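Observations on chain architecture
Chain by chain, the residues run as shown.
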Amino acid sequence: MKKVLVAMLIVMMAMGVAFAQGAGESGGTDVKTIGVSMPTKSLQRWNQDGSNMKSQLEAAGYKVDLQYAGDNDIPTQVNQVENMILNDDVLVIASIDGSSLTEVLKEAKKKNIPVIAYDRLIMNSDAVSYYATFDNFKVGVIQGEFVRDALKLDTRTDSVNMEFFTGAPDDNNCVFFWGGAMSILEPYIKSGKINVLSGQTSRAQCSTPNWSTEEAQKRMENLITSNKYGPNGTRLDAVLCSNDSTAQGVTNALVGAGYTKDNFPVVTGQDCDVTSVKNMLAGTQSMSVFKDTRTLAAKVVEMVDALMKGGTPEINDNKTYDNGTGIVPSYLCEPVYANKDNIIELLVDSGYYTRQQIGLK
Ligand code: BGC
């Protein structure tokens, strides 16, 4: 009996050790866990980013700790990152507010946990090892060039009326989207070829809290009222919007003011969100910029893999993104121009959406 008890004790102790190892930080086995922190579930692009990251990391043999910070809730994101630092081996973070993670990331630095900033740069933290994003300045340039060409600004003799919308003031990407668009359009504002009747031409004046569609709609409705824009009122030629969620708010307001596909102002966007793709097909948004989240995810998985295997991730930019503690080595993916004419090739043939998803048979 005594022998049986001793044998049972030994087995239990062995199981205990195995369990403790299994629950250890790096899984005891060699499986590493990658923490992926996304800002919100309420915008389609981040759901797409999250699920692409998860499936590609799993396919590469990693465990994934994927968390969404509610609907852009900063304290939730800080908490989630805090937990990831306790449990995970690498952190991949798309921040809500680029400057709110400084404190919590000090712990990651102490524990030597690599941090990759995903799409949005994390500011004021020397814990950020790498940054993977799209060429955000180029996104703005594509939008600005589109407006310039659609309105024939270089050849027409009269002037045009235009308004501007950008995104969240705490998103560092806006500096680049705005800067890129203005690098093309500002000379025309200065020369008087573009009139901005509201007089709102600074990034701060044109920003949209949380990139919210409702906020953009409200602001556009106010601009319509105060400047009497409308199909039978003051002419409105274009609205520059930094992304699709703001473009959708602007489109709602313009439709509400009576514009139809036959007289719709030029409206720009970014992301190729399903709603915006449908609007492009319906003639109530002119263009978008496609940023293939599969490519970005693949790049980040390569970075993670290199770090986990003791290598150095590939970068292609070491000058553009200073987060306040120095330049963060970056990989910039290519954004691509999209409009109703290349949607099928770009989005359907590449398997990004099915025809049904974008309302086609
Ligand atoms: C992203 C855009 C997105 C926006 C709102 C930006 O940081 O780069 O693709 O539209 O956030 O979510």
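Above this text you will find the structure in question.
Here's a quick rundown of the structure. (Residues numbered from 1 in each chain as written. Predicted model: local features only at pLDDT ≥ 70, side-chain atom pairs only at ≥ 80, totals over all residues. Heavy atoms only, no water.)

Taken as a whole and judged by the stated rule, the model has 21 salt bridges. Lys319 serves as the salt-bridge partner of Asp317, at 3.9 Å between the closest nitrogen and oxygen. You can call Asp317 buried: its relative accessible area is 7%. The exposure class of Lys319 is exposed, given its relative accessible area of 66%. (Salt bridge = Lys/Arg side-chain N within 4 Å of Asp/Glu carboxyl O. Buried < 20%, exposed > 50% of the residue type's maximum accessible area, 1.4 Å probe, protein only.)

Attention shifts here to the side chain of Gln77. As for its position among the elements, Gln77 is in helix H3 (residues 74-87). The class for Gln77 is buried, based on a relative accessible area of 1%. (Helix = DSSP H or I, 4+ residues; strand = E, 2+ residues; numbered from the N terminus.)

Taking 1.5 Å per residue, 19 residues should reach 27 Å; helix H6 (residues 173-191) reaches 27 Å between its end C-alpha atoms and fits that length. Residues Asn173, Cys174, Phe176, Phe177, Trp178, Gly180, Ala181, Met182, Ile184, Leu185 and Tyr188 constitute the buried set of H6. Buried positions along H6 lie against strand E5 (128-134), helix H5 (136-150), strand E6 (160-165), strand E7 (194-195) and strand E8 (238-241). Immediately downstream of H6, the backbone of Gly192 shows phi near 90°, a positive value. (Expected span 1.5 Å × (residues − 1). Contact = heavy atoms within 4.5 Å.)

This next bit is on the sheet that holds E7. Within the open sheet, the 4 strands sit side by side as E7-E6-E8-E9. Their pairing is parallel. Sheet topology places E7 and strand E9 (266-267) at the edges, where each strand pairs with a single neighbour. With 2 bridges connecting them, E8 and E9 associate as parallel partners. Bridge pairing in E9 places Ala238 opposite Val266. In the packing of helix H8 (residues 244-256) onto the sheet, contacts are made with E6, E8 and E9, and the angle to E8 comes to roughly 155°. (Pairing = 2+ DSSP bridges. Axes fitted to C-alpha atoms, helices over the stretch in contact; angles between N-to-C directions.)

A few words on the packing of aromatic side chains. Aromatic ring pairs are reported here in terms of the distance separating the ring centres and the angle at which the planes meet. In total, this model carries 8 aromatic pairs according to the counting rule given. Here Phe164 and Trp178 contribute two aromatic rings whose centre-to-centre distance is 6.0 Å and whose plane-to-plane angle is 70°, an arrangement assigned as edge-to-face. Of the two residues, Phe164 sits in strand E6 while Trp178 sits in helix H6, which places them 14 residues apart along the sequence. For the pair Phe164 and Trp178, a shared accessibility class is recorded, and that class is buried. Ring centres 4.6 Å apart and planes at 40° place the aromatic pair Phe176 and Tyr321 in the tilted group. (Phe/Tyr/Trp six-rings, centres within 6.5 Å; stacked < 30°, edge-to-face > 60°.)

Treat this as a map of the structure, not an account of what it does.
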